Structures are given as structure tokens and as C-alpha cells.
Amino acid sequence: MAQFVDWDLAAATAGALSKSGPRVSYDEATDVVADLRRLTDEAAGHVADYTGLRAQVAHPPVRVVDRRDWAATNIAGLREVITPLVNRLSGDKQPGALTEAIGSRLTGVQAGTVLAYLSGRVLGQYEVFSADPGQLLLVAPNIVEVERKLQADSRDFRLWVCLHEVTHRTQFTAVPWMRAYFLGEVQAFVDASQNSEHFVERLRRGVATLADAIRDPESRTSVLDIVQTPAQRAVLDRLTALMTLLEGHAEFVMDGVGPEVIPSVESIRAAFNRRRESGNPLEKAIRRLLGVEVKMRQYAEGRKFVHGVVERVGMPGFNKIFNSPLTLPRLEELGDPDAWVARVYGPVGPLPAAG
């Protein structure tokens, strides 16, 4: 079988390039892990009460990881998804031994470089590739580092992060079809390529683009260059709408629950938003190429959409959005909650006056 990435080399590269994180004693590290596990359980109760969503499938307990473990977990997940897709695309066509060895090792180094960078930025993640229904990861050194930089209350900041990430876990465990739908769209994106061989090569170039951006902030190439066919753009529109919904929903929930259980939530939100918007030129270039700038817009746009729908039909009415893929918002509806409500519910009368 053709090998797209030398995954072992990617893991070794990510491990070698990942920074160690802030200085903490052994006792402090132990306390952070225990605190995050406890606050995850607390957040789960708050999220369930606020959203009305309950897990329909069993999920594993939270994993509190360091940067290397986070990168290794994501590499394992990507390997599970990408390798079968590339093998199916390549069919019986086998590249030469030298070409495959050099290409897969180069891509392995590049992928490891990208994941090493991200491992120092991510606070938490609901990772869906490596296991069903997925696993919740909290990156302890990054959480500690950010709370120190923001001078935030430790308990408040950690619970605030847990509210966001537990909401993502709830989305995938209260909606059992969500993971299969997401993975199906990823496969549809690959299937929509007009030329399988060229698509694999574009994937290689996309990984290379990200790795080069980490070294060269003047790079103007975009990873969206791999999106070339109209069918791929249609799939990307659906994925963008889904991710905007999920991110906006998590932001809406953490902002809805926060004032009730986190005394310093307003100062945390303000300081964290400033952190999101700041960054040196290198970081800004990398964020653009990695799609982080798009994700930042997704937070705001998605939160506004969720707020608009809840305002019109209430939280139980909003939850109808998770009935099936057909009730998910379309990309054009994200800026027009009335359009989604009209499509799913039919005409809704005027809102009551504020007051």
C-alpha cells in the first residue's frame, strides 16, 4: 500500500519540537490534573442542565494530557482516517520505493512540525478520529500557561475552558449520528476530487504549506489551494456550516452558564478575546494558513446564530437542529436565523417586545 505520511516520524518530530510548557512542581502538576478532572464533571452537569441535551452513548473519561501526548493522539487519529482514504484513492498504483520513502518522510516531518506548533496553542479538544464516539482532551500545560498570562483565577478559568470542551463532547454524545456524519463529509471531500492522484499530491502540498509558514511568515500561500473542484467546495460549505454551529453553540453555552458559576467570567472573557486577537506577525500568518482566523470568525458568527434561534424558539426549540443532518443550518442561514426557523418550523410570529 502507498504511504502518504511516515506517521512514526511525524510523532517523533512533534515530540522533539513540542515545547515543555510552564514550570510546575510535581505536586502542582498532580493538583492541576485532579482539578481539571473534577471541573470536567462539574461542567458536564451545568451543560446538561442548560442545554437539555443528555449523552445517548457512553463516553470515556476526560484525558488530561501534555503537549506531546496531544500531538501523538492527533497523529494516531489522523492515521486512522487518512491512511485508508489514501490507500483507496491510490488503488493498485504503487510509487517507486525511493519516491514513496522520501515523500512519506518529508510529509511526516512537515506534519509533525505543524502538530508541534498547534500543541502549544490548543487548550482542549474533542477528538473524534481515533475512537467512537471520541475522546475529550485537556492540555494541562497550555491551560496553566494561559491562565498565568491572563492573571486569571485558576478555578474560574479552568471551569470556563471545561464548559466549552464539555459542550463539544455533549454535541457528539447526545447526537449519536454526529461523528459518522462528520467523518462522512470528510470522505465526501476526498471523493469529490476529480483526479485521485493529483488530490493526494495536493494534500502533500497543503501540509508543506503549513510547515513552511511556521518558518516563513511572509508566505502568502493558502491551504485552501487544495480545494479546486465545485463538488469539493460544496462539501466544504457543509463542513464550515457544521463547525460554525458547533463552535458557536459551545461559546453560547459557556457564556450562558458562566455568569452563574464563574464569578470572574467577564474579565476572563475580555482578556481571552484580547489574546485571540493579538499575536506577532508570524503567529498571525500561521493562524491564517491553519484556518484559525476562520475559526475565530466562526466563534462570533456561530454564537450570534445560536442566540438568534434560541431567542425565537427557545432552547428546546433550538435543539431540533440536532434532529438529523437535514435540520443542520445551511451556510447561508448562519447569518439569517429567521431563514433556518422558517425552513424547519415554518413561519413564526413576531417576537414579544423586550421589557
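Residues numbered from 1 in each chain as written. Predicted model: local features only at pLDDT ≥ 70, side-chain atom pairs only at ≥ 80, totals over all residues. Heavy atoms only, no water.

The protein appears in an unreviewed UniProt entry as Coenzyme F420 biosynthesis-associated protein from Micromonospora rosaria.

1. Some thoughts on the overall build of the protein
Check the secondary structure of the protein and you find 13 helices and 3 strands. The burial tally for the protein puts 49% of its 355 residues in the buried class. By sequence separation, contacts in the protein at least 24 residues apart represent 80% of the contacts at least 6 residues apart. Here the protein has roughly 17,100 Å² of accessible surface; of this, 54% comes from carbon and sulfur atoms. (Helix = DSSP H or I, 4+ residues; strand = E, 2+ residues; numbered from the N terminus. Buried < 20%, exposed > 50% of the residue type's maximum accessible area, 1.4 Å probe, protein only. Contact = heavy atoms within 4.5 Å. Areas by Shrake-Rupley, 256 points an atom, 1.4 Å probe, with all protein chains shown as cover.)

2. Quick look at the nonpolar core
Counting 62 residues, the largest nonpolar core has F157, W160, F318 and F322 as its most contacted members. No other element matches helix α9 (residues 230-261), which puts 11 residues into this core. Both of domain 1 (1-174) and domain 2 (176-346) provide at least three residues apiece to this core. Dropping the residues within four chain positions of it, F157 is found in contact with L123, I143, V146, E147, L150, A152, I268 and F272. Listed in part, the 14 residues of the second largest apolar core include W70, I75, V122 and V139. (Core = buried A, V, L, I, M, F, W, Y, C linked by side-chain atoms within 4.5 Å. Domains from an automatic or database assignment.)

3. Considering the packing of aromatic side chains
Per the stated rule, a full pass over the model turns up 10 aromatic pairs. Seen in terms of ring centroids, F129 and F182 are 5.9 Å apart; in terms of plane orientation they differ by 35°. Their pairing is tilted. Note that F129 is positioned in the loop between β2 (124-127) and β3 (135-139) and F182 in helix α7 (residues 178-191), a separation of 53 residues in sequence. Site record: aromatic cluster; members linked through ring pairs are F157, W160 and F272. Above the ring of Y345, the side-chain terminus of K320 is found at 4.7 Å from the ring centroid. (Phe/Tyr/Trp six-rings, centres within 6.5 Å; stacked < 30°, edge-to-face > 60°. Lys NZ or Arg CZ within 6 Å of the ring centre and 35° of its normal.)

4. Focus: the environment of Q151
Examined against the element boundaries, Q151 turns out to sit in the loop between α5 (140-150) and α6 (154-173). Judged by its relative accessible area of 73%, Q151 falls in the exposed class.

5. Comments concerning the packing of helix α2 (residues 26-51) against α9
The N-to-C vectors of α2 and α9 enclose an angle of 105°; their axes lie 10 Å apart at closest approach. Judged on the interaxial angle alone, α9 and α2 are roughly perpendicular. Packed against α2, whose contacting residues are H46, V47, Y50 and T51, the element α9 presents H249, F252, V253, G256, V257 and V261 at the interface. Residues belonging to the contact of α2 with α9 are distributed by class as follows: 6 nonpolar, 4 polar and no charged. (Axes fitted to C-alpha atoms, helices over the stretch in contact; angles between N-to-C directions. Parallel < 35°, antiparallel > 145°, perpendicular 65-115°, else oblique. Nonpolar A, V, L, I, M, F, W, Y, C, P; charged D, E, K, R; others polar.)

6. Observations concerning unusual backbone geometry
Following D132, the chain continues into P133 via a peptide bond in cis, with omega recorded as 10°. For P133, the location among the structural elements is in the loop between β2 and β3. Even without a glycine there, the phi angle at Q151 is positive, about 55°.

7. Quick look at the pairing of β2
Here β2 shows a buried face lined by G124 and Y126 and a second buried face lined by Q125 and E127. Sheet topology note: the β2/β3 ladder contains 4 bridges and is antiparallel. In the sheet register, Q125 faces β3, and the bridge partner there is L137. (Pairing = 2+ DSSP bridges.)

8. Describing the environment of M254
Relative to the helices and strands, M254 is located in helix α9. Residues M254 and C162 lie 92 residues apart in sequence; the distance between their C-alpha atoms is 8.8 Å. Beyond its immediate stretch of four places on either side in the chain, M254 contacts W160, L163, H164 and R269.

9. Side note on the pattern of salt bridges
Tallied over the entire structure, the rule returns 17 salt bridges. Note that D35 is salt-bridged to R38, the shortest N-O span being 2.7 Å. Of this pair, D35 and R38 both sit in helix α2, separated by 3 residues, roughly a single helical turn. Using a relative accessible area of 43% as the deciding quantity, one classes R38 as partly exposed. Within this structure, D35, R38, E42, E147, R155, D156 and R158 form a network of salt bridges that share partners. (Salt bridge = Lys/Arg side-chain N within 4 Å of Asp/Glu carboxyl O.)

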